[in-house]
Amino acid sequence: MRRSAIFALVCLALLAALLSGCGPSSAATPTATSQASPDTSAVVEVTATVPSVANPTAQAETPASTTAAKTTAAATATAQPSATRSPVRPTATPTTAASPLPALTGGQTYKDPQLRFSFMIPSNWVQVQAAGAEVAFQSPAPAGQIPATVNVVLEKLPSASVTLDEYDQAGEANLKQQFPDYKPVSLTKVTVDDKPAYKRIYTATIAGRLLELQQVYFIDNDTAYVVSCGAPQENFAANAAIFDQISGTFKLGAR
């Protein structure tokens, strides 16, 4: 059996729901500046399951300790679907040569408490709760509007022999299964912390809103690292540069 049929990219398929609303984190944000709490007066849970490692075709919940863990995220109930959907760009063939993503030159630095990774985020973004993610931040946004969001997910793989291409292929298969209107926009080879990575951009409707998402992912030993960014499709282009810059600052360890 092909390895891509054994495991699923839960982080690529499910964490998109974070983009439509997260609750404020009870932990202190890494910036000293006081930030206003985002409006989370009404949320609806978006829950999904992924194929079991033992039976990749069955949709059943698996324990949190397994590779394919259940991920739950919140979506703002007050947000209304867009009246007109923007046309989706065709899928691009991955580039043959990977290039590093640009880096954010200012802002706050987030360091994982377990010293597994660090990255930079704009100073006015606030840390929020995100089920299934190691950490999440969102941009300022008027009340009732969906903010731009970034979150980081670490996924333990079955073995260190899983390749990035296998991970990517399993991820797209899972996206198609989880989101009926999933539309690929582009797939680009990049580097993150000098490691080969993919940057996938796609659209999907979650909790009644058409979102555009960017996910940058790479593998180190037997762990996949995924930086997910996104916003309502009509606002994605305005945030695309900052999404690249945030992902471009991601580093392993406590540097």
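Note that the coordinates shown come from a computational prediction; the quantities given were computed from them, not determined experimentally.

**Here we look at the overall build of the chain**
A tally of helices and strands in the chain yields 3 helices and 13 strands. Considering the chain as a whole, with its 255 residues, one finds that 50% of them fall into the buried category. Of all intrachain contacts in the chain linking residues separated by at least 6 positions in sequence, the fraction that spans at least 24 positions is 65%.

**Focus: the sheet that holds strand β5 (residues 117-121)**
Taken together, the 3 strands give an open sheet; going across it, the order is β4-β5-β13, and neighbouring strands pair in antiparallel fashion. Taken across any chain shown, the strands that pair with only one partner, and hence form the sheet edges, are β4 (108-111) and β13 (251-252).

**With respect to the environment of T249**
For T249, the position within the fold is in the loop between α3 (233-248) and β13. Taking the C-alpha atoms as reference points, T249 and T109, 140 residues apart in sequence, are found 9.2 Å from one another. Once residues within four sequence positions are removed from consideration, T249 is found in contact with A103, L104, S118, F119 and M120. There is a polar contact of 2.8 Å between the side chain of T249 and the backbone nitrogen of M120.

**As for helix α2 (residues 164-178)**
A rise of 1.5 Å per residue sets the reference length of α2, with its 15 residues, at 21 Å; its end C-alpha atoms lie 21 Å apart and thus fit the reference within 8%. Regarding α2, the residues found buried are L164, E166, Y167, D168, A170, G171, N174, L175 and Q178.

**Considering unusual backbone geometry**
Phi is mostly negative for residues that are not glycine, and the peptide bonds are mostly trans. Its identity is not glycine, yet D193 carries a phi of approximately 55°, on the positive side. Tracing the sequence through the fold places D193 in the loop between β9 (183-192) and β10 (195-206). Look at D194: it is not a glycine, yet its phi comes out positive at around 65°. Within the secondary structure, D194 sits in the loop between β9 and β10. Residue class for D194 comes out exposed when judged on its relative accessible area of 75%.

**Side note on the pattern of salt bridges**
When the charged atoms of two side chains lie near each other, side chains of opposite charge can form a pair. Applying the stated rule across the entire model yields 8 salt bridges. Notably, a salt bridge pairs R116 with E134, separated by 2.6 Å at the nearest N-O pair. Remark: E134 occurs in the loop between β6 (126-128) and β7 (135-138) and R116 occurs in the loop between β4 and β5; sequence separation between them is 18 residues. With a relative accessible area of 33%, E134 lands in the partly exposed category. One salt-bridge network, in which partners are shared between bridges, spans D112, R116 and E134.

Scoring rules and cut-offs
Residues numbered from 1 in each chain as written. Predicted model: local features only at pLDDT ≥ 70, side-chain atom pairs only at ≥ 80, totals over all residues. Heavy atoms only, no water. Helix = DSSP H or I, 4+ residues; strand = E, 2+ residues; numbered from the N terminus. Buried < 20%, exposed > 50% of the residue type's maximum accessible area, 1.4 Å probe, protein only. Contact = heavy atoms within 4.5 Å. Pairing = 2+ DSSP bridges. Polar contact = N/O pair within 3.5 Å; in protein donor to acceptor, adjacent residues only side chain to side chain. Expected span 1.5 Å × (residues − 1). Salt bridge = Lys/Arg side-chain N within 4 Å of Asp/Glu carboxyl O.

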